[in-house]
Structure formats: structure tokens, C-alpha cells
Amino acid sequence: MPKNYILDKETALKKLRRMAYEIIENNIGEKEIILAGIRDSGSVIAKNIQEILREISQFKTEIITVSLDKKQPREVSLSKKINFNDKVILLIDDVSNSGKTMLYALKPYLDFHPKKIQTLILVERTHKAFPIKPDYVGLSLATTIQEHIYVEVEGDVVKGAWIE
């Protein structure tokens, strides 16, 4: 069965570039942003955002990976131990459905006093069960609960997104 693509590689890159410009606009005066990508696709998206920000801005960026079980997100771990006090954190994932993953992924930062926490989603679905509203959205899509969206990555490249 052929995949029903909602984003191809070129369109996904355009969405990422647009969101990078929005990040700059919303963080004027900041010197550094920590890009926290939720493993696995969120980390690839974070790397893409980092590359685009390097091209178009003066921001210093650091990437960390957030690991958690998306079905039962009890434990959340970070790839690096960082003092997040007074830092700008951008939490990044591929698809937002209920908001549960994003909500739990915020847990490690609650032990600190960050200056700002923002969220970025490549594809947002409109089935919120948790109070998470992404700051940066590549594509917002109304779907049925039975449908599922997959973001396809290969290495450090976002290949596209499709719905099933």
C-alpha cells in the first residue's frame, strides 16, 4: 500500500526553515538556545533546526536528546547534565497528538528555573488531552483518532511525513 504523504522532503525543509525564522523573531536578544530533541525523530528535527539557525542567525545552540517511553512516559532522561537555570530551552518533537509526550518531556526542567521553555512540533494533530500548545508548528492537521502520522527520517534528514 503506498504511503499517503502529507509532507515531502522539500516541504518539510521549508517548514523547518520558516520555524527557524520564527525562533529568531521570538528570541531577539538571546545569545544561546538549548535544542532538546525527543528521541528519535525529534532529535533529527533538532539537528536540522540547529543547522538552519547556524546559517541565518548568531545564536549559539546546544543539542541534547530527551529519552522517554512515549506510551508509558514515567522516566525521562537527558543525554547531558546541564544547569538549565536562566536558559532558553526549545523542546522539539516530530508529531504532537494528545500532548502527553511533550508534557512528560518537560519534567527534567522543573528542577531548574529556565528563562523560557518553548515547544516545536513538525506535525500537530488536534487531539489534545494535555495542556500543551506548541509555540512553533510546521503543519497543523485535523485527523481522526484512528489515523496515525509518521515522520520519516534517514540519518540527519527529514524525508517527509505520512498518514495512515
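All figures in this text were calculated on a predicted structure; none of them were measured in a lab.

Peer 1: How should the overall build of the chain be read in this particular structure?
Peer 2: Scanning the chain from terminus to terminus reveals three helices and nine strands. Starting at the N terminus and walking to the C terminus, you meet the elements of the chain as β-α-β-α-β-β-β-α-β-β-β-β. In summary, the chain has a C-alpha radius of gyration of 15 Å against a globular reference of 15 Å for 164 residues, a match within 12%. With respect to the three principal axes, the spread of C-alpha positions in the chain is 45 × 35 × 25 Å. Looking at the chain as a whole, 48% of its 164 residues are labelled buried. Counted over contacts in the chain with a minimum sequence separation of 6, partners at least 24 positions apart contribute 68%. As presented, the chain carries roughly 8,900 Å² of accessible surface, and 50% of it is formed by carbon and sulfur atoms.

Peer 1: What is the right way to look at helix α2 (residues 41-56) in this model?
Peer 2: Helical geometry note: an α-helix holds 3.6 residues per turn, so side chains three or four residues apart project in the same direction. Taking 1.5 Å per residue, 16 residues should reach 22 Å; α2 reaches 23 Å between its end C-alpha atoms and fits that length. Taken together, the buried positions of α2 are Ser41, Gly42, Ser43, Val44, Ile45, Ala46, Asn48, Ile49, Gln50, Ile52 and Leu53.

Peer 1: Help me understand unusual backbone geometry in this model?
Peer 2: Leave glycine aside and you will find that most residues have negative phi; peptide bonds, for their part, are mostly trans. With an omega of 0 degrees, the peptide bond running from Arg39 to Asp40 counts as cis. Among the structural elements, Asp40 can be located in the loop between β2 (32-38) and α2.

Peer 1: Even after reading the chapter, I still don't get helix α1 (residues 9-26), so can you show me in this structure?
Peer 2: End to end, α1 covers 26 Å across 18 residues, agreeing with the expected 26 Å (1.5 Å per residue, within 8%). All of the buried residues in α1 are Ala12, Leu16, Met19, Ala20, Ile23 and Ile24. Buried positions in α1, seen along its axis, are confined to an arc of 145 degrees and lie on one side of it. In α1, those exposed residues whose orientation departs by more than 90 degrees from the buried face are Glu10, Lys14 and Glu25. For α1, the side-chain oxygen to backbone nitrogen distance between the N-cap and Glu10 is 3.3 Å, and the N-cap itself is Asp8.

Peer 1: Quick question: what am I supposed to make of the packing of aromatic side chains here?
Peer 2: To describe a pair of aromatic rings, you give the distance between the ring centres and the angle between the ring planes. Scanning the entire structure with this criterion turns up three aromatic pairs. With 4.9 Å between their ring centres and 85 degrees between their planes, Phe84 and Tyr109 make a pair best called edge-to-face. Residue Phe84 is located in the loop between β4 (76-78) and β5 (88-96), and its partner Tyr109 is located in the loop between α3 (100-105) and β6 (116-125); the two are separated by 25 residues in the primary sequence. Among the residues examined, Phe84 registers a relative accessible area of 1% and is labelled buried. Pairing Tyr150 with Trp162 gives two aromatic rings, centres 4.4 Å apart and planes at 25 degrees, and the pair type is stacked. Taken together, the residues span a long stretch of sequence, with Tyr150 in strand β8 (residues 149-154) and Trp162 in strand β9 (residues 157-163) at a distance of twelve residues. Through successive ring pairs, a cluster of aromatic residues spans Phe84, Tyr109 and Phe112.

Peer 1: How do you make sense of the pairing of β9 when you look at a structure like this?
Peer 2: On a regular strand, one side chain projects to one face of the sheet and the next to the other, so that they alternate. Among the seven residues in β9, five count as buried, and that is most of the element. Pairing of strand β1 (residues 4-8) with β9 involves four bridges; the strand directions are antiparallel. Bridge pairing in β9 places Asp8 opposite Gly160. With six bridges connecting them, β8 and β9 associate as antiparallel partners. Each bridged residue has a counterpart across the sheet, and for Ile149 the counterpart in β9 is Ile163.

What counts and how
Residues numbered from 1 in each chain as written. Predicted model: local features only at pLDDT ≥ 70, side-chain atom pairs only at ≥ 80, totals over all residues. Heavy atoms only, no water. Helix = DSSP H or I, 4+ residues; strand = E, 2+ residues; numbered from the N terminus. Rg over C-alpha atoms; globule rule 2.2 N^0.38 Å. Buried < 20%, exposed > 50% of the residue type's maximum accessible area, 1.4 Å probe, protein only. Contact = heavy atoms within 4.5 Å. Areas by Shrake-Rupley, 256 points an atom, 1.4 Å probe, with all protein chains shown as cover. Expected span 1.5 Å × (residues − 1). Arc of directions from axis to C-beta. Polar contact = N/O pair within 3.5 Å; in protein donor to acceptor, adjacent residues only side chain to side chain. Phe/Tyr/Trp six-rings, centres within 6.5 Å; stacked < 30°, edge-to-face > 60°. Pairing = 2+ DSSP bridges.

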